[in-house]
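Okay, here's what each chain looks like letter by letter:
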Amino acid sequence: MDMTNQQYNQYVSDKSDPSPLWKDCLWAFCVGGAICAGGQGLLALYQSWGADKEDAAAWVSITLIFLASLLTGLGVFDNIAKWAGAGTLVPITGFSNAMVSPALEFKSEGFVTGTGAKLFTVAGPVLAYGISASVIYGIILYIVGLF
């Protein structure tokens, strides 16, 4: 049975439940906001312990990366993400989850060929292109500075 694209789209919409868009947006906003508020609370905590703003911000990043990685390893982060949707994609926690998830998936293949190789499945291209772009930008800035 051949279906046109329009028929297929109609078939899919008939079979699928409607998405609770506004509820999903509200949960994403609340969870993302809670992660950001938690980060702000950690910043204040670290500053109250005597760290300057720059060091406290670094410790907040480290803490959020650790917590997201730990929750991913325990299988909790995925449950939160199913419930909160895009709210867990707050850049630092989402990136941490994106790095740890493939590594955990392939841990049965060993530390080097499994976990080590898959750890940078997402981060590898980001790092490669980010470093390449910064080198090119640095060269352009250096050349412009010569004039």
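Structure shown above.
Every chain is numbered independently, its residues counted from 1 as its sequence is written. Given that this is a predicted model, residues contribute local features only at a pLDDT of at least 70 and side-chain atom pairs are listed and counted only at 80 or more, while totals for whole chains, interfaces and linings are drawn from all residues. Water and hydrogen atoms play no part in the side-chain values, which are based on all heavy atoms of the structure.

Draft legend 1. Spatial organisation of the environment of alanine 56. Mapped onto the elements of the fold, alanine 56 is located in helix H3 (residues 53–73). Note: C-alpha distance between alanine 56 and alanine 34 (22 residues apart in sequence) is 19 Å. Numbering of helices and strands runs from the N terminus; a helix is a DSSP stretch of H or I covering at least four residues, while a strand is a stretch of E covering at least two.

Draft legend 2. Fine view of a nonpolar patch on the surface. Each patch is built from salt-bridge-free residues with over 30% relative accessible area, joining like charges within 9 Å and nonpolar side chains (Val, Leu, Ile, Met, Phe, Trp, Tyr) within 5 Å. Per-residue and other accessible areas follow the Shrake-Rupley method at a 1.4 Å probe size, with only the shown protein chains counted as cover for residues. Salt bridge, as used here, is a side-chain nitrogen of Lys or Arg placed within 4 Å of a carboxyl oxygen of Asp or Glu. Together, Phe120, Leu127, Ile131, Val135, Ile139, Tyr142, Ile143, Leu146 and Phe147 make up an exposed nonpolar region whose accessible area comes to about 1000 Å². Of note, leucine 127 is situated in helix H7 (residues 123–146).

Draft legend 3. The arrangement of the packing of aromatic side chains in detail. Each pair of aromatic rings taken from Phe, Tyr and Trp, with Trp reduced to its six-membered ring, is defined by centres within 6.5 Å and is described as stacked if the planes are under 30 degrees apart, edge-to-face if over 60, and tilted in the remaining cases. Throughout the structure, instances matching the rule amount to 2 aromatic pairs. Ring centres of tryptophan 27 and tryptophan 83 lie 4.3 Å apart, and the angle between their planes is 45°; this geometry places the pair in the tilted category. Taken together, the residues span a long stretch of sequence, with tryptophan 27 in helix H2 (residues 21–48) and tryptophan 83 in helix H4 (residues 76–84) at a distance of 56 residues. Per-residue accessibility, obtained with a 1.4 Å probe over protein chains only, is compared with the maximum for each type, and a residue is labelled buried under 20%, exposed over 50%, and partly exposed between these values. Tryptophan 83 gets classed as partly exposed once you look at its relative accessible area, which sits at 47%.

Draft legend 4. Molecular detail of the state of the cysteines. Pairs of cysteine sulfur atoms within 2.5 Å are identified as disulfides in what follows. For the coordinates displayed, the defined rule picks out 0 disulfides. Unpaired in terms of disulfides, cysteine 30 finds its nearest cysteine sulfur in cysteine 25, a separation of 11 Å. By relative accessible area, cysteine 30 is classed as partly exposed at 39%. Free cysteine cysteine 36: the closest other cysteine sulfur is in cysteine 30, separated by 12 Å.

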